[in-house]
Amino acid sequence: MIMRAVVACLLLVLAGNVHGDSPKVQLLQPRPILVEGVQFNLVWNLIYSNETTYDPDTKLYSRVLWEGTVLGQNEVDLFVENGTLRQVNSISEIVIDERNAQNIVVESSVTSDFASVESGTQELFLVPGAVTILSPIMAIVVAVATREVLYALYMGTFFAALIVSRYDPYQAFLRVLDTYLPQSLGNIDHAFVILFTWFLSGLIACISKSGGSFGVAEVSRKFAKTRTSVQLVVFLLGFVIFFDDYANTLILGNTMRFVSDALWVSREKLSFIVDATTAPVASIAPVSSWIGFEVGLIQEQIDLLLLRGEELSGVNENAYLLFLQTIPSRFYPIIMLFFQFFMIVARREFGPMLGAERRAIDEHKLVRDDAKVVDDETQSALMPEEGTPLKWWNGVIPIVIVIFLVLLAILLTGRTTAVELGLPLTAENIFGNGDSYASLMYGGVTTTLIALFLYCVKY
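Keep in mind that this is a model prediction, so the values were computed, not measured.

So, how was this worked out
- In every chain, residue numbers begin from 1 and rise along the written sequence.
- At least 70 in pLDDT is required for a residue's local features to be given in this predicted model, at least 80 for side-chain atom pairs to be given and counted, and no such filter applies to totals for whole chains, interfaces and linings, which use all residues.
- In computing side-chain values, all of the structure's heavy atoms are included and hydrogens and water are not.
- A pair of strands counts as paired when DSSP detects no fewer than two bridges linking them.
- Here a helix means four or more residues in a row that DSSP labels H or I, a strand means two or more in a row labelled E, and each is numbered from the N terminus.
- To get an axis, fit a line to the C-alpha atoms, keeping to the stretch in contact for a helix; angles then go from 0 to 180 degrees between the N-to-C directions.
- In this analysis, the expected span of each helix is defined as 1.5 Å times one less than the number of residues it contains.
- Axes are fitted to the seven residues ending at a residue and to the seven starting at it; the angle between these axes is taken as the bend at that residue.
- Within 3.5 Å is the distance limit for a polar contact, defined as a pair of N or O atoms, with the added protein rule that one can donate a hydrogen and the other accept it, and that residues adjacent in sequence qualify only through two side-chain atoms.
- For salt bridges, the criterion is a side-chain nitrogen of Lys or Arg within 4 Å of an Asp or Glu carboxyl oxygen.
- Only protein chains enter the accessibility calculation, which uses a 1.4 Å probe. A residue is then buried if its area is under 20% of the maximum for its type, exposed if over 50%, and partly exposed in between.
- Think of a 1 Å grid over just the protein atoms. A cavity is a set of points where a 1.4 Å probe fits yet cannot get out, a pocket is an open set with protein on both sides within 12 Å along at least five of seven lines, and lining residues have an atom within 4 Å of a point.
- Grid points are joined across faces, edges and corners, and a volume is the space filled by probe spheres set on the points.
- Throughout, the ten residues Ala, Val, Leu, Ile, Met, Phe, Trp, Tyr, Cys and Pro are labelled nonpolar, Asp, Glu, Lys and Arg are labelled charged, and all others, Gly among them, are labelled polar.
- On a range of 0 to 100, pLDDT expresses the predictor's confidence in each residue.
- By definition in these notes, contact holds between two residues if any of their heavy atoms fall within 4.5 Å.
- Note that the term roughly parallel is reserved for angles under 35 degrees, roughly antiparallel for angles over 145, roughly perpendicular for angles of 65 to 115, and oblique for everything else.
- Here a crossing is called left-handed whenever its near helix is offset anticlockwise from the far helix by less than a right angle, and right-handed whenever the offset is clockwise.

Colleague: Tell me about the sheet that holds strand β6 (residues 88–94), and name the residues and values.
Modeller: Within the open sheet, the three strands sit side by side as β1-β3-β6. Their pairing is antiparallel. Strand pairing shows two members of the sheet lacking a second neighbour, β1 (24–27) and β6, which therefore form its edges. Going across the sheet, the axis of each strand differs from the next one's by a mean of 30°, ignoring polarity. Across four bridges, the pairing between β1 and strand β3 (residues 40–47) is antiparallel. The residue of β3 that forms the bridge with Lys 24 is Ile 47.

Put into C-alpha cells, the structure is as follows:
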C-alpha cells in the first residue's frame, strides 16, 4: 500500500511537470474609448515560466468575465504550427451593454475546468454611440458659424479629447495642448504634406509670375468659349492631376480661375468643381498620395488579424490589392463625379449655388460683397511683369514635371522598400510600398526650382 501511494504521488508530480502551470496574462491596452453595445476585441500576451514544460497536445482555455458573466471564451492549441509556444491570444465579438467605467477579467488556463488559472484585469470606458459623432458635429457647427477652419478644427479636437479623458474638460484641454497637437505637428508625414504644400505654393507663384498661368488661360480659351465648356475643362483637368488632392487644388484652381473669371463663372462654382473633383479622383486613383496612408492602415489591420491567428478567408493579404478591390465600392467619390458632370452638362443649379451663379451672370460679381478674398496687393504680387511673354509651356512644363517626378519617386522608393522586404517586384508591391509623402516633397522641391529658372529666363 505504501509503495502504491509513493508511485501515485510520483505520477502526479510528473504529470504536473508535463502539464505545467498556466501562462500569465498580460492584457494589451484596447482602444481608450469603447461604444456600448458594439463588438470589440481583447488581445493579451502570454508569459511563461522558464521552469515549466508542456505536453505538445496541451490546450489553452480562455474566457472574458464581466461582473461574473462570461462574455466570450475560446479554446486553442498552446503550441502553434512551428512548434513554439503561443505568445498572443485574443477573444473577439465581446459586447458590454453598459456605460462609463467597467472592469473585465481575462482568465487563462491549461485545464478546461480552470483549476489552475492566471488572470488579468482591465478597466474599460464605454460611451453611448451618439457621443462619438459630437466631435465632427461641433467642428462643422463652428466652421459654419465662424467661417474659420482653425477654430473648427480645434473645437473638434477638444470634444474628441473630452470623450477620451472621460468627460473631464480640464484634462481634455491639457491633452490637446501637450499631446494631440504636438504629436500631430511632430508627425513626419504631416511635415511632408506641409513642406509639399509650401513648395507647391511657391511653384504656383513662379508659374504665375512667369506668365505661365495666363499662357495656359489663353490656350484654354480656344476650348472654353462658354460657361459650360470652361466648367467641363476644369472638371476634366481634375482627372489629369490625379496623384494628389492638394496639388490638384493648388494647380487647377490658380490656373483656371483666369479663364472662368473671364466667362463670369462664380468663384463658388469654380471652388466646388475643383474641390469636388480633387478628393474623389485622388481617392479612387490607383496611384495617389492617398494610397500610402490608406494602404498603411489596411496593412496594420491585416497584420493584427494574422497575429491573432485569424483566418483571412476570401481577403487578400496584400494591402495594395485589397485597396484596389475597394475602389468599386467607393460610392461617394464615384457618385460625386457623375453628379458634377450631370450638373455641368444639364446647366442646372440649386440652393445657394443658384444664387451665386445668377449674381455672377446678372451683376458681374464673381464673389459675394461680404466674401473674404485675397487682397489686391497679394494678387498683384503674383501678376507677371509688363512685357513678360505669356507662354503656355511656362505653366505646362512644371506641372508635367511635378507629375512625372512624383510618380518616379513613388516607383523608386517602392522598389527600394520591396527589395529590402524581399518582395517580388510586381506593380502592386512597388506602388503599395512607395513613400508617397516623401515623393510629393521631392517632386515639389525639384519642380519649384525648375519653375524658378523659367521665371528668371522668362522664355
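Colleague: Before we move on, can you summarise helix α4 (residues 169–185) with the specific residues and values?
Modeller: The terminal C-alpha atoms of α4, which comprises 17 residues, lie 22 Å apart, in line with the 24 Å expected from a rise of 1.5 Å per residue. If you look at α4, its biggest bend is around 45°, right at Val 176. The backbone nitrogen of Tyr 170 lies 3.1 Å from a side-chain oxygen of the residue at the head of α4, namely Asp 168.

Colleague: Let's hear about the pattern of salt bridges: which residues, and what values?
Modeller: Counted by the stated rule, this structure contains eleven salt bridges. Residues Arg 63 and Glu 107 are paired through a salt bridge, measuring 2.8 Å at the closest nitrogen-oxygen approach. With Arg 63 in strand β4 (residues 59–66) and Glu 107 in strand β7 (residues 100–109), this pair connects stretches of sequence that are 44 residues apart. Judged by relative accessible area, Arg 63 falls into the partly exposed class, the value being 23%. Among the salt bridges present, the one from Arg 267 reaches Asp 261, with a minimum N-O distance of 2.7 Å. Of the residues examined, Arg 267 reaches a relative accessible area of 22% and is grouped as partly exposed. By relative accessible area, Asp 261 is classed as buried at 16%.

Colleague: So, the sheet that holds strand β8 (residues 117–127): which residues are in play, and what are the values?
Modeller: The sheet built from five strands is open, its strands ordered β2-β8-β7-β4-β5 with mixed pairing. Two strands close off the open sheet at either side, each with one partner strand: β2 (34–35) and β5 (69–77). Here β7 pairs with β8 via ten bridges, running antiparallel. By the bridge assignment, Val 106 is partnered in β8 with Gly 120.

Colleague: Just give me the short version of helix α15 (residues 393–421), but keep the residues and values in it.
Modeller: Between its first and last C-alpha atoms α15 spans 41 Å; for 29 residues at 1.5 Å apiece the expected length is 42 Å, and the two agree. Turning to α15, its buried residues are Asn 394, Gly 395, Pro 398, Ile 399, Val 402, Ile 403, Val 406, Ala 409, Ile 410, Thr 413, Gly 414 and Ala 418.

Colleague: Could you give an account of the layout of surface pockets, naming the residues involved and the relevant values?
Modeller: Here the second largest pocket defines a volume of roughly 430 Å³. Considering the residues around the second largest pocket, the lining is formed by Val 149, Leu 150, Leu 153, Tyr 154, Thr 157, Tyr 180, Leu 181, Gln 183, Ser 184, Leu 185, His 190 and Ile 194. A breakdown of the residues in the lining of the second largest pocket according to their chemical character gives eight nonpolar, four polar and no charged.

Colleague: Run through the confidence of the model for the protein chain, naming residues and quoting values.
Modeller: Residue-level pLDDT values for the protein chain average 78, and 82% of them are 70 or greater. Model confidence for the protein chain, summarised as mean pLDDT per element, is weakest for helix α1 (residues 2–19) at 39 and strongest for helix α12 (residues 331–346) at 91. With pLDDT under 50 throughout, residues 1–19 is counted as low confidence; its partners more than four residues away or in other chains account for eight contacts.

Colleague: For the pairing of β3, give the residues involved together with the corresponding values.
Modeller: Pairing of β3 with β6 involves five bridges; the strand directions are antiparallel. Following the sheet pairing, Leu 42 is matched in β6 by Ile 91.

Colleague: Just give me the short version of the packing of helix α3 (residues 149–164) against α4, but keep the residues and values in it.
Modeller: Remark: α3 packs on α4, axes separated minimally by 8 Å, with the N-to-C direction vectors making an angle of 120°. By the angle between their axes, α3 is oblique relative to α4. In terms of crossing hand, the pair formed by α3 and α4 is right-handed. Residues Tyr 154, Thr 157, Phe 158, Ala 161, Leu 162 and Val 164 of α3 form the contact with α4, whose participating residues are Pro 169, Ala 172, Phe 173, Val 176 and Tyr 180. Residues that form the contact of α3 with α4 fall into these classes: ten nonpolar, one polar and no charged.

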